[in-house]
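One letter stands for each residue in the lines below.
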Amino acid sequence: MDANELGRWTRFAAKGGIGKCTALQDCVAEEEDDLMFLKDDEITVLMQLPSEDDLYLGYCEGVVGRFKASFVRFHGRLKKPVMAKRSSTA
């Protein structure tokens, strides 16, 4: 993930993402793109990854990464993501 993409996800997380969840257990990152968190950490959900039903992109403690839904408890229903194109003012 490049710096621009990381910045966009971080700003989206600051706005609450598409929802929140709480970690049910400690999770150690096994791959470079995985999110590491401890039991009871609050994670901001950024998106459900299109390739897998159980995999989400989240933000926790300043880090963006993937996590499995089975490791967390979601706080209610997740919002539907809205993809809006920005109009160019140039």
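Residues numbered from 1 in each chain as written. Predicted model: local features only at pLDDT ≥ 70, side-chain atom pairs only at ≥ 80, totals over all residues. Heavy atoms only, no water.

## Quick word on the overall build of the protein
Each helix and strand counted, the protein has 1 helix and 5 strands in total. Listed by position from the N terminus, the elements making up the protein come as α-β-β-β-β-β. Here the protein, with 90 residues, has 32% of them falling under the buried criterion. Restricting the contact set of the protein to residue pairs at least 6 apart, pairs at least 24 apart contribute 49%. Of the roughly 6700 Å² of accessible surface on the protein, 50% is carried by carbon and sulfur atoms. (Helix = DSSP H or I, 4+ residues; strand = E, 2+ residues; numbered from the N terminus. Buried < 20%, exposed > 50% of the residue type's maximum accessible area, 1.4 Å probe, protein only. Contact = heavy atoms within 4.5 Å. Areas by Shrake-Rupley, 256 points an atom, 1.4 Å probe, with all protein chains shown as cover.)

## Some words on the side chain of Asp41
Tracing the backbone through its elements, the reader meets Asp41 in the loop between strand E1 (19–23) and strand E2 (42–48). It turns out Asp41 is buried and unbridged, and the closest side chain with the opposite charge, Lys39, is 11 Å from it. The residues touching Asp41, leaving out its near neighbours within four places in the chain, are Cys21, Thr22, Ala23 and Cys60. (Lys, Arg positive; Asp, Glu negative; His and termini not counted. Salt bridge = Lys/Arg side-chain N within 4 Å of Asp/Glu carboxyl O.)

## Examining the sheet that holds strand E5 (residues 72–74)
Pairing is antiparallel in the open sheet, where 5 strands are placed in the order E4-E3-E2-E1-E5. With partners counted over all chains shown, the strands left at the sheet margins are strand E4 (63–68) and E5, one partner each. With strand direction ignored, the average angle separating the axes of adjacent strands in the sheet is 40°. Contacts from helix H1 (residues 3–14) reach E2, strand E3 (55–60) and E4, with the element oriented near 120° to E2. (Pairing = 2+ DSSP bridges. Axes fitted to C-alpha atoms, helices over the stretch in contact; angles between N-to-C directions.)

## A word on the packing of aromatic side chains
Tallied over the full model, the rule gives 4 aromatic pairs. On the numbers, 5.9 Å between centres and 25° between planes, the contact of Tyr56 with Phe67 is stacked. Taken together, the residues Tyr56 in strand E3 and Phe67 in strand E4 connect sequence positions 11 residues apart. Overall, Tyr56 belongs to the buried group, its relative accessible area being 9%. Owing to a relative accessible area of 2%, Phe67 belongs among the buried residues under this scheme. A connected cluster of aromatic rings, assembled from ring pairs, spans Phe37, Tyr56, Phe67 and Phe74. (Phe/Tyr/Trp six-rings, centres within 6.5 Å; stacked < 30°, edge-to-face > 60°.)

## Focus: the pattern of salt bridges
Applying the stated criterion to the full structure yields 3 salt bridges. The salt bridge involving Lys20 is made with Glu42; its shortest N-O contact spans 3.9 Å. With Lys20 in strand E1 and Glu42 in strand E2, the pair connects residues that are 22 residues apart, well separated along the chain. With a relative accessible area of 46%, Glu42 lands in the partly exposed category.

## Re the nonpolar core
Burial of nonpolar side chains together is a common tendency in soluble globular proteins. Residues Cys21, Leu35, Phe37, Ile43, Val45, Phe67 and Val72 are the most contacted members of the largest nonpolar core, which totals 13 residues. Mapped by element, the contributors of at least two residues to this core are E1, E2 and E3. Formed by 7 residues, the second largest nonpolar core is a distinct cluster that contains Trp9, Ala13, Leu46 and Leu55. (Core = buried A, V, L, I, M, F, W, Y, C linked by side-chain atoms within 4.5 Å.)

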